[in-house]
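As a plain string of letters, each chain reads:
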Amino acid sequence: MKKIIVAALMLCANLPAWAAESTDAQIKQGEYLARAGDCVACHTAKGGKPFAGGLGMETPIGTVYSTNITPDASGIGGYSFDDFDRAVRHGIGKSGSSLYPAMPFPSYARVSPADMQALYAYFMKGVEPVEQPNKETDIPWPLSMRWPLSIWRELFAPKVETHQAPVGADPVVSRGAYLVEGLGHCGACHTPRAITMQEKALSASESPLFLSGSAPLEGWIAKNLRGDHKDGLGSWSEDDLVLFLQTGRSDRGAVFGGMSDVVEHSMQYMTEADLRAIARYLKSLPPTDPDDKPHQYDKQVADALWRGDDSKPGASVYIDNCAACHRTDGQGYARVFPALAGNPVLQTVDATSLINIVLKGGSLPATHAAPSTFTMPDFAWRLSDEQIAAVVTFIRTSWGNQGAAVTASDVKSLRVDGLRQTTGNDLGLTSSK
(Lines give C-alpha, C1' and ligand atoms only; values in the text may rest on other atoms or scores of the structure.)
Protein backbone atom coordinates (compact mmCIF):
# COMPACT_ATOMS: atom_id res chain seq x y z
CA MET A 1 0.00 0.00 0.00
CA LYS A 2 2.84 2.36 0.88
CA LYS A 3 4.37 1.84 -2.57
CA ILE A 4 1.04 2.62 -4.26
CA ILE A 5 0.70 5.86 -2.31
CA VAL A 6 4.26 6.88 -3.17
CA ALA A 7 3.70 6.09 -6.85
CA ALA A 8 0.49 8.12 -6.86
CA LEU A 9 2.25 11.08 -5.28
CA MET A 10 5.04 10.88 -7.86
CA LEU A 11 2.47 10.77 -10.66
CA CYS A 12 0.75 13.89 -9.31
CA ALA A 13 4.09 15.64 -9.00
CA ASN A 14 4.75 15.02 -12.69
CA LEU A 15 1.39 16.36 -13.86
CA PRO A 16 1.39 19.73 -15.62
CA ALA A 17 0.80 22.58 -13.20
CA TRP A 18 -2.56 23.44 -14.77
CA ALA A 19 -3.85 19.88 -14.33
CA ALA A 20 -2.74 19.58 -10.74
CA GLU A 21 -4.09 22.97 -9.74
CA SER A 22 -7.05 23.41 -12.06
CA THR A 23 -10.08 24.16 -9.89
CA ASP A 24 -13.53 25.57 -10.41
CA ALA A 25 -12.22 28.89 -9.13
CA GLN A 26 -9.36 28.86 -11.64
CA ILE A 27 -11.71 28.01 -14.52
CA LYS A 28 -14.03 30.81 -13.44
CA GLN A 29 -11.08 33.20 -13.31
CA GLY A 30 -10.07 32.06 -16.80
CA GLU A 31 -13.57 32.77 -18.05
CA TYR A 32 -13.35 36.29 -16.62
CA LEU A 33 -9.95 36.83 -18.26
CA ALA A 34 -11.27 35.57 -21.59
CA ARG A 35 -14.03 38.16 -21.26
CA ALA A 36 -11.46 40.84 -20.48
CA GLY A 37 -9.53 39.85 -23.59
CA ASP A 38 -12.77 39.72 -25.66
CA CYS A 39 -11.60 36.44 -27.19
CA VAL A 40 -15.12 35.53 -28.31
CA ALA A 41 -15.43 38.59 -30.57
CA CYS A 42 -12.68 37.50 -32.96
CA HIS A 43 -12.97 33.73 -32.57
CA THR A 44 -16.69 33.49 -33.31
CA ALA A 45 -18.10 33.84 -36.82
CA LYS A 46 -21.45 35.55 -37.32
CA GLY A 47 -24.08 32.94 -36.49
CA GLY A 48 -21.39 30.47 -35.44
CA LYS A 49 -20.69 28.72 -32.17
CA PRO A 50 -18.59 30.47 -29.52
CA PHE A 51 -14.83 30.23 -30.01
CA ALA A 52 -15.14 27.95 -33.08
CA GLY A 53 -13.42 30.52 -35.31
CA GLY A 54 -14.09 31.32 -38.94
CA LEU A 55 -14.52 35.08 -38.62
CA GLY A 56 -12.94 36.89 -41.56
CA MET A 57 -10.64 39.81 -40.74
CA GLU A 58 -9.56 42.14 -43.49
CA THR A 59 -5.85 42.99 -43.72
CA PRO A 60 -3.95 45.03 -46.32
CA ILE A 61 -2.85 41.78 -48.00
CA GLY A 62 -6.08 39.76 -47.82
CA THR A 63 -8.51 38.12 -45.43
CA VAL A 64 -7.37 36.14 -42.37
CA TYR A 65 -9.85 33.84 -40.65
CA SER A 66 -9.81 33.35 -36.90
CA THR A 67 -9.10 29.85 -35.65
CA ASN A 68 -11.07 27.34 -33.61
CA ILE A 69 -9.95 27.66 -29.98
CA THR A 70 -12.38 25.15 -28.49
CA PRO A 71 -10.95 21.96 -26.89
CA ASP A 72 -11.86 19.84 -29.92
CA ALA A 73 -9.28 18.00 -32.01
CA SER A 74 -9.98 20.48 -34.83
CA GLY A 75 -9.26 23.29 -32.39
CA ILE A 76 -6.78 23.35 -29.52
CA GLY A 77 -7.76 20.05 -27.95
CA GLY A 78 -4.28 18.68 -28.51
CA TYR A 79 -2.47 21.73 -27.10
CA SER A 80 -0.34 21.39 -24.00
CA PHE A 81 -0.07 24.42 -21.76
CA ASP A 82 3.29 25.23 -23.37
CA ASP A 83 1.68 25.06 -26.84
CA PHE A 84 -1.09 27.40 -25.67
CA ASP A 85 1.37 29.80 -24.06
CA ARG A 86 3.59 29.92 -27.16
CA ALA A 87 0.60 30.75 -29.35
CA VAL A 88 -0.95 33.40 -27.10
CA ARG A 89 2.12 35.20 -25.78
CA HIS A 90 4.77 34.39 -28.39
CA GLY A 91 2.77 34.21 -31.65
CA ILE A 92 4.00 30.71 -32.52
CA GLY A 93 1.51 28.01 -33.49
CA LYS A 94 1.68 24.37 -32.43
CA SER A 95 3.22 23.50 -35.80
CA GLY A 96 6.01 26.02 -35.18
CA SER A 97 4.79 28.53 -37.78
CA SER A 98 4.32 32.18 -36.88
CA LEU A 99 0.82 33.52 -36.35
CA TYR A 100 -0.49 36.53 -38.22
CA PRO A 101 -0.42 39.63 -36.01
CA ALA A 102 -4.21 39.84 -36.37
CA MET A 103 -3.77 37.79 -33.21
CA PRO A 104 -2.59 40.48 -30.75
CA PHE A 105 0.25 38.45 -29.26
CA PRO A 106 2.48 41.56 -28.99
CA SER A 107 0.03 42.80 -26.33
CA TYR A 108 -0.58 39.38 -24.77
CA ALA A 109 3.17 39.08 -24.13
CA ARG A 110 2.46 41.09 -20.96
CA VAL A 111 -0.08 38.63 -19.53
CA SER A 112 1.12 37.02 -16.31
CA PRO A 113 1.91 33.27 -16.12
CA ALA A 114 -0.82 32.81 -13.49
CA ASP A 115 -3.42 34.39 -15.77
CA MET A 116 -2.21 32.22 -18.65
CA GLN A 117 -2.73 29.12 -16.50
CA ALA A 118 -6.28 30.25 -15.70
CA LEU A 119 -7.04 30.95 -19.37
CA TYR A 120 -5.76 27.52 -20.35
CA ALA A 121 -7.86 25.84 -17.67
CA TYR A 122 -10.96 27.67 -18.92
CA PHE A 123 -10.47 26.89 -22.60
CA MET A 124 -9.72 23.23 -21.86
CA LYS A 125 -12.41 22.61 -19.25
CA GLY A 126 -14.94 25.45 -19.45
CA VAL A 127 -15.55 25.75 -23.20
CA GLU A 128 -17.76 23.42 -25.25
CA PRO A 129 -15.76 21.50 -27.90
CA VAL A 130 -16.84 22.29 -31.46
CA GLU A 131 -15.71 20.27 -34.44
CA GLN A 132 -14.95 22.88 -37.09
CA PRO A 133 -11.81 22.84 -39.26
CA ASN A 134 -9.93 26.10 -39.60
CA LYS A 135 -10.29 28.06 -42.83
CA GLU A 136 -7.33 28.90 -45.00
CA THR A 137 -6.54 32.57 -45.54
CA ASP A 138 -7.58 34.41 -48.68
CA ILE A 139 -4.09 35.88 -49.03
CA PRO A 140 -2.55 35.22 -52.45
CA TRP A 141 0.86 33.62 -52.91
CA PRO A 142 3.63 34.68 -52.32
CA LEU A 143 2.21 36.98 -49.63
CA SER A 144 0.65 33.92 -48.01
CA MET A 145 4.05 32.44 -47.13
CA ARG A 146 4.46 32.23 -43.37
CA TRP A 147 8.24 32.37 -42.97
CA PRO A 148 8.47 36.20 -43.31
CA LEU A 149 6.20 36.44 -40.27
CA SER A 150 8.96 35.00 -38.10
CA ILE A 151 11.15 37.94 -39.14
CA TRP A 152 8.32 40.37 -38.36
CA ARG A 153 7.83 38.73 -34.99
CA GLU A 154 11.52 38.98 -34.12
CA LEU A 155 11.64 42.63 -35.15
CA PHE A 156 8.43 43.96 -33.65
CA ALA A 157 6.95 41.62 -31.04
CA PRO A 158 8.26 42.19 -27.52
CA LYS A 159 9.86 39.46 -25.50
CA VAL A 160 7.49 37.87 -23.02
CA GLU A 161 7.76 39.63 -19.70
CA THR A 162 5.58 39.95 -16.64
CA HIS A 163 4.07 43.40 -16.24
CA GLN A 164 5.98 45.32 -13.57
CA ALA A 165 4.38 48.34 -11.93
CA PRO A 166 6.73 51.27 -11.30
CA VAL A 167 7.84 51.67 -7.70
CA GLY A 168 5.38 53.86 -5.82
CA ALA A 169 2.79 53.77 -8.58
CA ASP A 170 -0.92 53.97 -7.82
CA PRO A 171 -1.98 50.28 -7.71
CA VAL A 172 -5.27 51.13 -9.40
CA VAL A 173 -3.46 52.79 -12.32
CA SER A 174 -1.04 49.85 -12.49
CA ARG A 175 -3.92 47.40 -12.69
CA GLY A 176 -5.44 49.52 -15.45
CA ALA A 177 -2.16 49.54 -17.36
CA TYR A 178 -1.96 45.74 -17.11
CA LEU A 179 -5.48 45.35 -18.50
CA VAL A 180 -5.21 47.99 -21.23
CA GLU A 181 -1.72 47.14 -22.46
CA GLY A 182 -2.12 43.37 -22.03
CA LEU A 183 -5.34 41.36 -22.21
CA GLY A 184 -7.46 44.32 -23.33
CA HIS A 185 -5.01 44.89 -26.25
CA CYS A 186 -6.56 48.35 -26.70
CA GLY A 187 -3.54 49.54 -28.66
CA ALA A 188 -4.26 47.01 -31.41
CA CYS A 189 -7.02 49.35 -32.61
CA HIS A 190 -6.32 52.69 -30.92
CA THR A 191 -2.60 53.07 -31.71
CA PRO A 192 -1.35 54.10 -35.18
CA ARG A 193 0.65 51.54 -37.13
CA ALA A 194 3.78 51.85 -39.19
CA ILE A 195 3.98 50.92 -42.86
CA THR A 196 5.21 47.49 -41.72
CA MET A 197 1.94 47.14 -39.75
CA GLN A 198 3.34 47.03 -36.23
CA GLU A 199 1.86 49.32 -33.60
CA LYS A 200 4.08 52.36 -33.17
CA ALA A 201 4.03 51.82 -29.39
CA LEU A 202 2.85 49.02 -27.13
CA SER A 203 2.74 50.99 -23.88
CA ALA A 204 2.50 54.55 -22.61
CA SER A 205 6.13 54.44 -21.53
CA GLU A 206 7.31 53.84 -25.11
CA SER A 207 5.75 56.77 -26.93
CA PRO A 208 3.00 59.43 -26.71
CA LEU A 209 1.61 57.81 -29.87
CA PHE A 210 0.26 54.97 -27.74
CA LEU A 211 -3.57 55.08 -27.84
CA SER A 212 -3.48 58.33 -29.82
CA GLY A 213 -5.98 57.03 -32.40
CA SER A 214 -5.60 55.14 -35.66
CA ALA A 215 -6.36 55.24 -39.34
CA PRO A 216 -9.75 53.91 -40.51
CA LEU A 217 -10.27 50.24 -39.58
CA GLU A 218 -13.18 48.46 -41.28
CA GLY A 219 -14.85 51.82 -41.86
CA TRP A 220 -14.34 53.31 -38.38
CA ILE A 221 -11.77 55.46 -36.65
CA ALA A 222 -10.50 54.04 -33.35
CA LYS A 223 -10.40 57.32 -31.48
CA ASN A 224 -7.72 58.98 -29.42
CA LEU A 225 -7.88 57.71 -25.82
CA ARG A 226 -5.41 60.20 -24.40
CA GLY A 227 -6.07 63.47 -22.57
CA ASP A 228 -6.78 65.71 -25.58
CA HIS A 229 -10.01 67.69 -25.26
CA LYS A 230 -10.69 68.12 -28.97
CA ASP A 231 -10.55 64.49 -30.11
CA GLY A 232 -9.59 62.53 -26.97
CA LEU A 233 -10.84 61.93 -23.44
CA GLY A 234 -9.79 65.23 -21.89
CA SER A 235 -13.37 66.30 -21.23
CA TRP A 236 -14.40 62.90 -19.80
CA SER A 237 -14.33 62.21 -16.08
CA GLU A 238 -13.29 58.89 -14.58
CA ASP A 239 -16.96 58.21 -13.77
CA ASP A 240 -17.95 59.00 -17.38
CA LEU A 241 -15.51 56.38 -18.60
CA VAL A 242 -16.61 53.72 -16.13
CA LEU A 243 -20.24 54.20 -17.12
CA PHE A 244 -19.37 54.17 -20.83
CA LEU A 245 -17.36 50.95 -20.60
CA GLN A 246 -20.06 49.28 -18.54
CA THR A 247 -23.10 50.36 -20.58
CA GLY A 248 -21.89 51.75 -23.90
CA ARG A 249 -23.30 55.17 -23.07
CA SER A 250 -22.63 58.13 -20.82
CA ASP A 251 -23.38 61.83 -20.60
CA ARG A 252 -20.46 62.35 -23.00
CA GLY A 253 -21.14 59.92 -25.81
CA ALA A 254 -22.39 56.56 -27.07
CA VAL A 255 -20.62 53.51 -28.40
CA PHE A 256 -20.56 52.64 -32.11
CA GLY A 257 -18.75 50.43 -34.61
CA GLY A 258 -16.43 47.71 -33.35
CA MET A 259 -16.44 49.13 -29.83
CA SER A 260 -20.08 48.05 -29.52
CA ASP A 261 -18.93 44.42 -29.59
CA VAL A 262 -16.28 45.16 -26.95
CA VAL A 263 -18.90 46.56 -24.58
CA GLU A 264 -21.43 43.82 -25.36
CA HIS A 265 -19.10 40.82 -25.11
CA SER A 266 -16.39 42.04 -22.76
CA MET A 267 -16.62 45.24 -20.77
CA GLN A 268 -20.10 44.84 -19.31
CA TYR A 269 -18.95 41.63 -17.59
CA MET A 270 -15.92 43.16 -15.90
CA THR A 271 -15.92 44.22 -12.27
CA GLU A 272 -16.41 47.87 -11.46
CA ALA A 273 -12.98 47.83 -9.80
CA ASP A 274 -11.33 46.75 -13.06
CA LEU A 275 -13.35 49.23 -15.13
CA ARG A 276 -12.31 51.98 -12.74
CA ALA A 277 -8.69 50.87 -13.02
CA ILE A 278 -8.92 51.11 -16.82
CA ALA A 279 -10.58 54.53 -16.60
CA ARG A 280 -8.03 55.88 -14.13
CA TYR A 281 -5.15 54.62 -16.25
CA LEU A 282 -6.58 56.24 -19.40
CA LYS A 283 -7.11 59.50 -17.51
CA SER A 284 -3.44 59.41 -16.51
CA LEU A 285 -2.32 59.67 -20.14
CA PRO A 286 -1.35 63.22 -21.14
CA PRO A 287 -2.65 64.80 -24.36
CA THR A 288 -0.74 64.47 -27.60
CA ASP A 289 -1.17 68.22 -28.16
CA PRO A 290 0.19 70.27 -25.24
CA ASP A 291 -1.70 73.33 -26.52
CA ASP A 292 -5.05 71.52 -26.55
CA LYS A 293 -7.85 73.56 -24.99
CA PRO A 294 -11.23 72.46 -23.56
CA HIS A 295 -14.26 72.81 -25.80
CA GLN A 296 -15.99 76.19 -25.60
CA TYR A 297 -19.67 76.03 -26.44
CA ASP A 298 -20.79 78.53 -29.11
CA LYS A 299 -24.53 79.21 -29.12
CA GLN A 300 -24.70 81.15 -32.40
CA VAL A 301 -25.95 78.19 -34.43
CA ALA A 302 -28.42 77.16 -31.72
CA ASP A 303 -29.81 80.71 -31.58
CA ALA A 304 -30.07 80.88 -35.37
CA LEU A 305 -31.97 77.59 -35.57
CA TRP A 306 -34.27 78.69 -32.73
CA ARG A 307 -35.14 81.77 -34.81
CA GLY A 308 -35.86 79.55 -37.84
CA ASP A 309 -32.68 80.61 -39.64
CA ASP A 310 -31.37 77.55 -41.49
CA SER A 311 -29.22 79.45 -43.98
CA LYS A 312 -25.97 77.83 -42.87
CA PRO A 313 -25.08 75.04 -45.36
CA GLY A 314 -26.36 71.72 -44.05
CA ALA A 315 -28.64 73.32 -41.44
CA SER A 316 -31.89 72.43 -43.22
CA VAL A 317 -30.76 68.82 -43.63
CA TYR A 318 -29.95 68.74 -39.93
CA ILE A 319 -33.35 70.15 -38.96
CA ASP A 320 -35.19 67.62 -41.13
CA ASN A 321 -33.21 64.53 -40.12
CA CYS A 322 -31.21 65.02 -36.92
CA ALA A 323 -32.61 67.70 -34.64
CA ALA A 324 -35.48 65.62 -33.22
CA CYS A 325 -32.95 63.40 -31.40
CA HIS A 326 -29.83 65.56 -31.10
CA ARG A 327 -31.69 68.89 -30.63
CA THR A 328 -31.01 72.22 -32.27
CA ASP A 329 -28.56 73.14 -29.51
CA GLY A 330 -26.52 69.98 -30.22
CA GLN A 331 -26.90 68.75 -26.64
CA GLY A 332 -28.87 65.57 -27.40
CA TYR A 333 -30.46 63.58 -24.57
CA ALA A 334 -28.04 62.15 -22.03
CA ARG A 335 -27.45 58.38 -22.26
CA VAL A 336 -30.00 58.08 -25.05
CA PHE A 337 -29.04 60.25 -28.03
CA PRO A 338 -25.49 61.56 -27.61
CA ALA A 339 -24.59 65.22 -27.57
CA LEU A 340 -22.91 66.50 -30.73
CA ALA A 341 -21.57 69.72 -29.23
CA GLY A 342 -18.01 69.12 -28.08
CA ASN A 343 -18.15 65.42 -28.98
CA PRO A 344 -14.55 64.35 -29.67
CA VAL A 345 -15.63 61.73 -32.23
CA LEU A 346 -16.90 64.55 -34.46
CA GLN A 347 -13.68 66.57 -34.37
CA THR A 348 -11.10 64.04 -35.52
CA VAL A 349 -9.00 64.95 -38.55
CA ASP A 350 -10.56 62.06 -40.46
CA ALA A 351 -14.39 62.18 -40.57
CA THR A 352 -14.80 58.52 -41.62
CA SER A 353 -16.65 57.47 -38.47
CA LEU A 354 -19.18 60.29 -38.61
CA ILE A 355 -19.86 59.78 -42.32
CA ASN A 356 -20.36 56.04 -41.79
CA ILE A 357 -22.70 56.58 -38.86
CA VAL A 358 -24.89 58.76 -41.09
CA LEU A 359 -24.70 56.26 -43.95
CA LYS A 360 -25.14 53.05 -41.95
CA GLY A 361 -26.80 54.09 -38.71
CA GLY A 362 -26.20 52.09 -35.55
CA SER A 363 -27.66 50.72 -32.33
CA LEU A 364 -26.62 50.95 -28.73
CA PRO A 365 -26.13 47.40 -27.42
CA ALA A 366 -28.34 46.24 -24.57
CA THR A 367 -26.29 45.51 -21.45
CA HIS A 368 -27.08 44.24 -17.97
CA ALA A 369 -26.83 47.74 -16.52
CA ALA A 370 -28.60 49.44 -19.45
CA PRO A 371 -31.00 46.96 -21.07
CA SER A 372 -32.68 49.47 -23.39
CA THR A 373 -31.59 49.70 -27.02
CA PHE A 374 -31.72 52.90 -29.04
CA THR A 375 -31.21 52.92 -32.79
CA MET A 376 -30.08 55.60 -35.21
CA PRO A 377 -31.46 54.84 -38.68
CA ASP A 378 -29.25 54.75 -41.74
CA PHE A 379 -29.60 57.64 -44.17
CA ALA A 380 -27.80 56.17 -47.19
CA TRP A 381 -31.15 55.52 -48.87
CA ARG A 382 -32.53 58.97 -48.12
CA LEU A 383 -29.73 61.51 -48.51
CA SER A 384 -27.40 62.18 -51.42
CA ASP A 385 -23.64 62.43 -51.11
CA GLU A 386 -23.93 66.22 -51.27
CA GLN A 387 -26.56 66.33 -48.52
CA ILE A 388 -24.57 64.04 -46.23
CA ALA A 389 -21.39 66.05 -46.83
CA ALA A 390 -23.30 69.24 -45.99
CA VAL A 391 -24.85 67.92 -42.75
CA VAL A 392 -21.62 66.29 -41.58
CA THR A 393 -19.75 69.55 -42.19
CA PHE A 394 -22.53 71.43 -40.36
CA ILE A 395 -22.19 69.13 -37.33
CA ARG A 396 -18.37 69.35 -37.33
CA THR A 397 -18.40 73.17 -37.41
CA SER A 398 -21.33 74.08 -35.12
CA TRP A 399 -21.71 74.67 -31.36
CA GLY A 400 -17.97 75.30 -30.98
CA ASN A 401 -16.87 72.10 -32.77
CA GLN A 402 -13.63 72.44 -34.70
CA GLY A 403 -13.76 69.69 -37.29
CA ALA A 404 -12.86 70.29 -40.93
CA ALA A 405 -15.34 70.23 -43.79
CA VAL A 406 -15.96 67.04 -45.79
CA THR A 407 -16.79 66.70 -49.47
CA ALA A 408 -19.32 64.74 -51.48
CA SER A 409 -16.47 62.65 -52.89
CA ASP A 410 -15.48 61.66 -49.32
CA VAL A 411 -19.02 60.39 -48.79
CA LYS A 412 -19.22 58.67 -52.16
CA SER A 413 -16.07 56.63 -51.57
CA LEU A 414 -17.35 55.36 -48.22
CA ARG A 415 -20.81 54.64 -49.63
CA VAL A 416 -19.35 52.53 -52.43
CA ASP A 417 -16.97 50.78 -50.02
CA GLY A 418 -19.94 49.90 -47.83
CA LEU A 419 -21.89 48.48 -50.75
CA ARG A 420 -18.87 46.48 -51.87
CA GLN A 421 -18.46 44.98 -48.39
CA THR A 422 -22.16 44.13 -48.25
CA THR A 423 -22.47 42.55 -51.69
CA GLY A 424 -18.93 41.42 -52.37
CA ASN A 425 -19.05 43.23 -55.71
CA ASP A 426 -17.75 46.48 -57.10
CA LEU A 427 -21.10 47.84 -58.22
CA GLY A 428 -19.74 51.03 -59.69
CA LEU A 429 -22.75 52.92 -58.34
CA THR A 430 -23.25 56.64 -58.20
CA SER A 431 -25.07 57.65 -55.05
CA SER A 432 -26.66 61.01 -55.77
CA LYS A 433 -30.42 60.81 -55.65
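Residues numbered from 1 in each chain as written. Predicted model: local features only at pLDDT ≥ 70, side-chain atom pairs only at ≥ 80, totals over all residues. Heavy atoms only, no water.

Under an unreviewed UniProt entry, the protein chain has the name C-type cytochrome and belongs to Pseudomonas neuropathica.

Trainee: I keep staring at the pairing of strand S1 (residues 56–59) and nothing clicks. Help me out?
Mentor: Two faces make up the sheet, and in a regular strand the side chains alternate between them. The pairing of S1 with strand S2 (residues 62–65) spans 4 bridges and is classified as antiparallel. What sits directly across from Met 57, in S2, is Val 64. Adjacent in sequence and paired antiparallel, S1 and S2 are bridged by 2 residues. (Pairing = 2+ DSSP bridges. Helix = DSSP H or I, 4+ residues; strand = E, 2+ residues; numbered from the N terminus.)

Trainee: Looking at this structure, how should I read helix H13 (residues 272–283)?
Mentor: For an α-helix, the turn length of 3.6 residues means that residues three or four places apart are oriented alike. Taking 1.5 Å of rise per residue, the 12 residues of H13 would be expected to cover 16 Å, and the 16 Å separating its terminal C-alpha atoms lies within 8% of that figure. Along H13, the positions that sit buried rather than exposed are Asp 274, Leu 275, Ala 277, Ile 278, Ala 279, Tyr 281 and Leu 282. (Expected span 1.5 Å × (residues − 1). Buried < 20%, exposed > 50% of the residue type's maximum accessible area, 1.4 Å probe, protein only.)

Trainee: In this structure, what is going on with the environment of Phe 81? I would like to understand it.
Mentor: With respect to the secondary-structure elements, Phe 81 resides in helix H5 (residues 81–90). Taking the C-alpha atoms as reference points, Phe 81 and Met 116, separated by 35 residues in sequence, lie 8.7 Å from one another.

Trainee: Hey, could you run me through the nonpolar core in this one?
Mentor: Across soluble globular proteins, nonpolar side chains have a tendency to be buried as a group. Judged by nonpolar contacts, the single largest core of 57 residues is most densely connected at Phe 123 and Leu 282. Among the elements of the structure, helix H3 (24–36), helix H4 (39–42), H5, helix H6 (105–108), helix H7 (113–125), helix H9 (171–183), helix H11 (238–247) and H13 are those that each provide at least two residues to this core. The biggest single contributor to this core is H7, with 8 residues. Once residues lying within four places of it in the same chain are set aside, the contact partners of Phe 123 are Ala 34, Cys 39, Phe 51, Ile 69, Pro 71, Ile 76 and Phe 84. Listed in part, the 33 residues of the second largest apolar core include Leu 340, Leu 359, Ala 380 and Leu 383. (Core = buried A, V, L, I, M, F, W, Y, C linked by side-chain atoms within 4.5 Å. Contact = heavy atoms within 4.5 Å.)

Trainee: Explanation requested: helix H8 (residues 147–156) in the structure shown.
Mentor: All buried positions along H8 are accounted for by Leu 149, Trp 152 and Arg 153. Projection of H8 onto a plane perpendicular to its axis shows the buried side chains occupying an angular sector of 100°, all on one side. Facing away from the buried side of H8, by more than 90 degrees, are the exposed residues Trp 147 and Leu 155. Structurally, H8 contributes buried residues whose contacts are with H5 and H6. (Arc of directions from axis to C-beta.)

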